[in-house]
Amino acid sequence: MTQHHNLIAGEWLAAPNYAPNINPSNLQDSLGDYAQADVAQLDMAVAAAQKAFPAWSTSGVQARADALDKIGTEILARREELGTLLSREEGKTRAEGIGEVARAGNIFKFFAGECLRLGGEVLPSVRPGIGVEITREPLGVIGLITPWNFPMAIPAWKVAPALAYGNCVVLKPADLVPGCAWALADIIHRSGIPAGVFNLVMGRGSVIGDALVNHPGIAAVSFTGSVGVGQRIAAACAINMKKVQLEMGGKNPQVVLDDADLGVAVELCVQSAFYSTGQRCTASSRLIVTDKIYPAFIDAMQKRMASIKVGDACAAGTDIGPVASLAQLEQDMSYVDIGQSEGATLLAGGDRLQRDTEGFYMAPALLVDSTPQMRINREEIFGPVASVIRVKDYDEALAVANDTPFGLSAGIATTSLKYATHFKRHSQAGMVMVNLPTAGVDYHVPFGGRKGSSYGSREQGTYAKEFFTVVKTAYTLA
Ligand code: NAD
C-alpha cells in the first residue's frame, strides 16, 4: 500500500506510524496509508517554518501571487481527479467533490490577486509636519487545524490567505481525510514555494493538534471543527496570548412561511438538510414551518425524500453518499432515537442502509412534532437528520430561529419582501439566505457566524486579512 509522508522543510519525511485511509462507500477500498506524525516531527515543521519566515515575509508580492496562481491553476485543471479522491475519502458525491475542488482552486486564484491588493492608509497627523501610515504585516508561523467535512476547501481557505499575506504555515488536517490535504501539499510543494514556507503534518488531533496549538513557535491558530475542541484551543491560545480564529458548529434554522413557493421551499430544505449527507456546518437541521403551509409542506417533503438516492459517493446517479465514519453514523442514528424518546415522530428514513459494498449508508431522517427545547433541536447532529418545528406565524418563527446557542447560517423561504427584509436584519446568524439553502456560499466574501459558531475575525474574501495580518501604525517627521 502506498505510504504518504509528511511534508516538512520541503522534504517528504517518513513518520513513525501510518494509518489507512478508508473509503466510507466501500470499507474494502483503501486510498493508501497516511503518516501519523509524532511531536518531534511537528517541532521540525515549526522550526522549518520559522526559518523560512524572514525571506518569505519580505519576498516580492509578484512571487507570492505567481505561486498561488500556479497552485490554483493546477487544482482547477485536476478538479475531476481530485474531486473523485475527495468523494472516495469523505463520502460526498462526485459532483459535490468536484465542486469543492473547484472552489479550492478559485480560492487560490482569488488570494493570488489579494497579494497585489494589500493596501494601507495614509492619514494626516493631528500634529503638524508629521505623516501617519497604517500598514499590515504578516504574523509569523500559523498553525492551521481543519475538519474532515471539507477536506480540500477548508485547508485551501486557510492556507491561501496565510501564504498570500506573507505568513508561513503548518497544516494539520483531520485524521479521517488526509488524502486531499496530502494532494494539496504535493501541488504546493511543486509550485516552487521555498522549502519550509508550507508544511504538512498529519496525525492525531489530541497529539499533533494539541502540540501545534501550544507550540511557542506558533504565532496564531486558525481552527475549524467542533465546539468542544475549539473551546480548548481558545483557552490555550488566550493563556499564551496567541491570535486565534475558530469556526465551529451550527444548528441552522430554515424558516418556511405560509406565503413561500412550496416547490422552492421543499427543494432548498432537502438540499440544505440532506445533501453532502447533512455533514456541512451550514446544513439546516431545524425546519421551522408556519401553520397554514405545514400540511402541504410535510406531504411534499415526504414525497421528495422518497426520491433521494443514497449510494456510493462516486457512482453516477447518487444524490447522497455515505456518512463519513462509523462513529458519525452511530451518532446520527442515536439522535433519531433521542428525538423519538423526547416525543418527536419519525416521518421518514433514519435507518442504516445496505448497498452492494459495505459502507456507512443512512436513509435521511425527518422528525416531525418536535419542539424547540428538544435535544435534536439544540445540539449539532452533523448528519442527514432534520426536524420540523411547527409555529403559528413569522414572529414565532423568528424567535425559534434565534433560540439557539449557535449562529452560523439561517434561511427563510418567503415571497414577502417585508418578511425577507426583516429576517435579514433580525436573524442572529453570520450568514442569511432568502429563498436559498442555508448551505452553499461564495468564495470571495466573508464566511462565519455568531454566538457559539465562530470566534475571532471572519474567514475568506478580503476580510481574511483581519486574521492573517497585524496592523502597524508608523509616524514620520516630515
Ligand atoms: P473536530 O473538532 O473533532 O476536529 C477538527 C480538527 O481538530 C481535526 O483536525 C482534529 O484532529 C483536531 N483536533 C482534535 N482534537 C484536538 C485537540 N485537542 N487539539 C487540537 N486539535 C485537535 O471536528 P470534526 O469532527 O473534524 O469536524 C466536524 C465539526 O466541524 C462540526 O462541528 C462542524 O460543524 C464543524 N465545521 C465547522 C465549519 C465552519 O466553518 N463553521 C466548517 C466545517 C466544519
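Scroll up a little and you will see the structure.
The following refers to the structure shown.

Criteria and thresholds
- Residues numbered from 1 in each chain as written.
- Predicted model: local features only at pLDDT ≥ 70, side-chain atom pairs only at ≥ 80, totals over all residues.
- Heavy atoms only, no water.
- Near = heavy atom within 4 Å.
- Polar contact = N/O pair within 3.5 Å; in protein donor to acceptor, adjacent residues only side chain to side chain.
- Areas by Shrake-Rupley, 256 points an atom, 1.4 Å probe, with all protein chains shown as cover.
- 1 Å grid on protein atoms, 1.4 Å probe; cavity = no way out; pocket = protein on both sides within 12 Å on 5 of 7 lines; lining within 4 Å.
- Sits in = over half its atoms within 2 Å of the grid points.
- Helix = DSSP H or I, 4+ residues; strand = E, 2+ residues; numbered from the N terminus.
- Nonpolar A, V, L, I, M, F, W, Y, C, P; charged D, E, K, R; others polar.
- Domains from an automatic or database assignment.
- Core = buried A, V, L, I, M, F, W, Y, C linked by side-chain atoms within 4.5 Å.
- Buried < 20%, exposed > 50% of the residue type's maximum accessible area, 1.4 Å probe, protein only.
- Contact = heavy atoms within 4.5 Å.
- Phe/Tyr/Trp six-rings, centres within 6.5 Å; stacked < 30°, edge-to-face > 60°.
- Lys NZ or Arg CZ within 6 Å of the ring centre and 35° of its normal.

So, the site of the ligand
The ligand sits among 28 residues. The nearest are Thr146, Ser226, Met248, Cys281 and Glu380. Met248 has a polar backbone atom sitting 2.7 Å from a nitrogen atom of the ligand. For the ligand, the accessible surface in isolation is 850 Å², of which the surrounding protein chains cover 89%. More than half of the atoms of the ligand fall within 2 Å of the grid points belonging to the largest pocket. Top element by residues in the shell around the ligand is helix H7 (residues 205-214). It accounts for 4 residues. Partitioning the shell around the ligand into residue classes produces 14 nonpolar, 9 polar and 5 charged. When residues of the shell around the ligand are sorted by domain, at least three fall in each of domain 1 (3-248 + 453-477) and domain 2 (252-434).

Re the nonpolar core
Core analysis: the largest hydrophobic core is formed by 86 residues, its most contacted members being Leu68, Phe108, Phe111, Val170, Phe198 and Ile233. Here this core gets 9 residues from one element, more than from any other, and that element is helix H5 (residues 153-164). Counting contributing residues, this core receives three or more from each of domain 1 (3-248 + 453-477) and domain 2 (252-434). In this structure, Phe198 is in contact with Leu7, Val159, Val169, Leu171, Ala185 and Ile188, ignoring residues within four places of it in sequence. Residues Leu268, Phe274, Val289 and Leu353 belong to the second largest nonpolar core, which totals 30 residues.

Quick notes on the packing of aromatic side chains
Counted under the stated rule, the structure contains 7 aromatic pairs. Their ring planes at 90 degrees and their centres at 5.0 Å tell us that Phe110 and Phe111 sit as a pair that is edge-to-face. There is no split in this pair, since Phe110 and Phe111 are both buried. Each ring, one from Trp157 and one from Phe447, has its centre 5.3 Å from the other, and the planes form 45 degrees; the classification is tilted. Highlighted residues: Trp157 in helix H5 and Phe447 in the loop between strand E21 (431-434) and strand E22 (454-455), separated in sequence by 290 residues. Phe447 matches Trp157 in its accessibility class, with the two residues each being buried. Grouping aromatic residues by their ring pairs yields a cluster made of Phe110, Phe111 and Tyr165. Positioned above the aromatic ring of Phe150, the side-chain terminus of Lys92 is 3.7 Å from the ring centre.

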